[in-house]
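Listed below, chain by chain, are the residues.
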Amino acid sequence: MGKFSIPKLGFLLLCCLAALTEATYVKYKDPKQPLGVRIKDLMRRMTLAEKIGQMTQIERTVATPDAMKNYFIGSVLSGGGSVPAQKATPETWIEMVNTMQKASLSTRLGIPMIYGIDAVHGHNNVYKATIFPHNIGLGVTRDPNLVKRIGEATALEVRATGIPYVFAPCIAVCRDPRWGRCYESYSEDHKIVQMMTEIITGLQGGLPVHSKKGVPFVAGKNKVAACAKHYVGDGGTTKGINENNTVVSWNGLLGIHMPAYFNSIAKGVATIMTSYSSWNGKKMHANHDLVTDFLKNKLKFRGFVISDWQGLDRITSPPHANFSYSVEAGVGAGIDMVMVPYNFTEFIDDLTYQVKNNIIPMSRIDDAVKRILRVKFVMGLFENPMADNSLVNQLGSQEHRELAREAVRKSLVLLKNGESADKPLLPLPKKATKILVAGTHADNLGYQCGGWTITWQGLGGNDLTTGTTILQAVKNTVDSSTQVVYSENPDAGFVKSGEFSYAIVVVGEPPYAETYGDSLNLTISEPGPMTIYNVCGSVKCVVVVISGRPVVVQPFVSSVDALVAAWLPGTEGQGVADVLFGDYGFTGKLARTWFKTVDQLPMNVGDPHYDPLFPFGFGLTTKPTHQN
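Attention here is on the structure that accompanies the text. (Residues numbered from 1 in each chain as written. Predicted model: local features only at pLDDT ≥ 70, side-chain atom pairs only at ≥ 80, totals over all residues. Heavy atoms only, no water.)

Here we take up unusual backbone geometry. In this model, valine 340 is joined to proline 341 through a cis peptide bond whose omega is -10°. As for its placement among the helices and strands, proline 341 is situated in the loop between strand 11 (338-339) and helix 14 (344-356). The backbone of phenylalanine 72 sits at a positive phi, close to 55°, despite the residue not being glycine. Structurally, phenylalanine 72 is set in the loop between helix 4 (65-71) and strand 2 (75-78). Phi angles above zero are rare outside glycine, and glutamate 243 is one such case at about 65°. Assignment of secondary structure puts glutamate 243 in the loop between strand 5 (227-231) and strand 6 (245-246). (Helix = DSSP H or I, 4+ residues; strand = E, 2+ residues; numbered from the N terminus.)

Strand order in this open sheet of 5 strands is 4-3-2-1-11, and the pairing throughout is parallel. On the outer flanks of this sheet lie strand 4 (165-166) and strand 11, each paired with one strand and no other. Pairing geometry for strand 2 and strand 3 (residues 114-117), over 4 bridges, is parallel. Bridge pairing in strand 3 links serine 75 to isoleucine 114. (Pairing = 2+ DSSP bridges.)

Right, let's get into the environment of phenylalanine 344. Mapped onto the secondary structure, phenylalanine 344 falls in helix 14. Given the relative accessible area of 9%, phenylalanine 344 is considered buried. As for phenylalanine 344 and serine 497, which are separated by 153 residues in sequence, their C-alpha atoms are 64 Å apart. Setting aside its immediate chain neighbours within four residues, phenylalanine 344 contacts Thr56, Ile58, Val62, Ala67, Tyr71 and Ile73. (Buried < 20%, exposed > 50% of the residue type's maximum accessible area, 1.4 Å probe, protein only. Contact = heavy atoms within 4.5 Å.)

Judged by pairing direction, the sheet is mixed, and its 3 strands sit side by side in the order 6-8-9 without closing on themselves. Taken across any chain shown, the strands that pair with only one partner, and hence form the sheet edges, are strand 6 and strand 9 (282-283). Sheet topology note: the strand 6/strand 8 (residues 278-279) ladder contains 2 bridges and is parallel. Bridging from a neighbouring strand, threonine 246 pairs with tryptophan 279 of strand 8.

This is the structure:
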């Protein structure tokens, strides 16, 4: 020790400290470094296992801390209705997301995972969230600013539960209402769907000026990464059969189903999801021409492409018949992140084997990982990986409920109002001796919200979440002296003897999602038709239809005094009463053609034999009234 003088010792200590600092400084962790430099620096440090882990998205039920750590999992999701607990609070969601995130951050390179969820009409899996009208209703408004504000509100509610990524919006162009997902589509007209991509700006934030085309953009901790889906042609399948074949020429695909993707990419959408459907017999999940050559190379999309739920399995028929082939076809086509969602070791093993044996080139893996990391860096996930409680009060906030109520008002379409223009039934007087409210959907919050609400297929009843049923809204709106009688399915005798001033009948479809909603008859559910005949045969009535698409109404039109399409309005039923009673006027115009009979389908505006019951763009209007 005696040989070292104090100054020399100090100098040595300084050198050691400098070396340590240099060793711990890594470019990818430095937000001041350019995006490209960070991606490159991180990728050169990654092993094949770490890269393939980034490409893997698993369901929350299998996302244990050990799975996250040992397999370097890049993403986790909640499937429809998959929640940490029944009626879970935002704090419970945050705790779950953070437990998984801590495991990801404890890996060698500390790459944060990204948690995704379906938030297709508000934060729809979550108890007490604001449930907005489904897209079919929003298309009616033709109001891009409204959907932008809905995107902003949804982003805040999703972030309130600690989640930074949503599988929305669906930008399908539904060409046949027999499709069970038609309510997820804004319109049969691509121009309206294009307008509505403004929801992406609400979800992610507005692009900075001079942004490079196709580069994803998410404006920080109050915004979420969005996902345009389902690429491409999902709304054009034969007979509207879900996941089926879309038979259309290249020009037809480009002219009808592709335009909203141009807008989404221009708005900096972070991710795009491939469709289960096929185009002229070729599965989209295996379509290299459309996913790599067109979307990535021609359109310059720089975010990542994600598969749909078990989308690779469904490349074969039956699904999962030859999974190694599916991996080769799907990843080879250009899918970057695979929504496995359960059996992830099989996917990881198959993909690893294929890379090691030059079946899938390393360049394809690097392209996928680069895109995934680009989105994570752009979102600020490396700087702010952990969720916090700062936004929990945003979930179901009064401000968001008021916005949803506004959306309901603007999405209603008045199809009939009295036998002639000079004798309208609507708006209804608030002051009346006694009124009847009837129908299966009048006092049923679950039916009002439809599928993709709390559970995947949706629920009936009023115990699913918080909101206002149409019956409650009517009671809130009428004069205190008006007696409101509710009978779900009254017989004609009851109606005749009731001496009602008028009746409001609310009927429609039960909740459904995806294939379960495919329908060849498109009828109003029983006993809806019977209720219409029993009530409207004896008293002046307005029929409010709750449905995910146009349904068969031609047989009833002549026997009802007024007819309103309310679509799937969500939790804020007060918006329906606001317009029925004249506090606001009807302004909505059909964004879908309303057919006479199902034999006419498919029938869209511009078709040569266009003979609708109510044409595209139809909608009677009323002026607000000032009642005492």
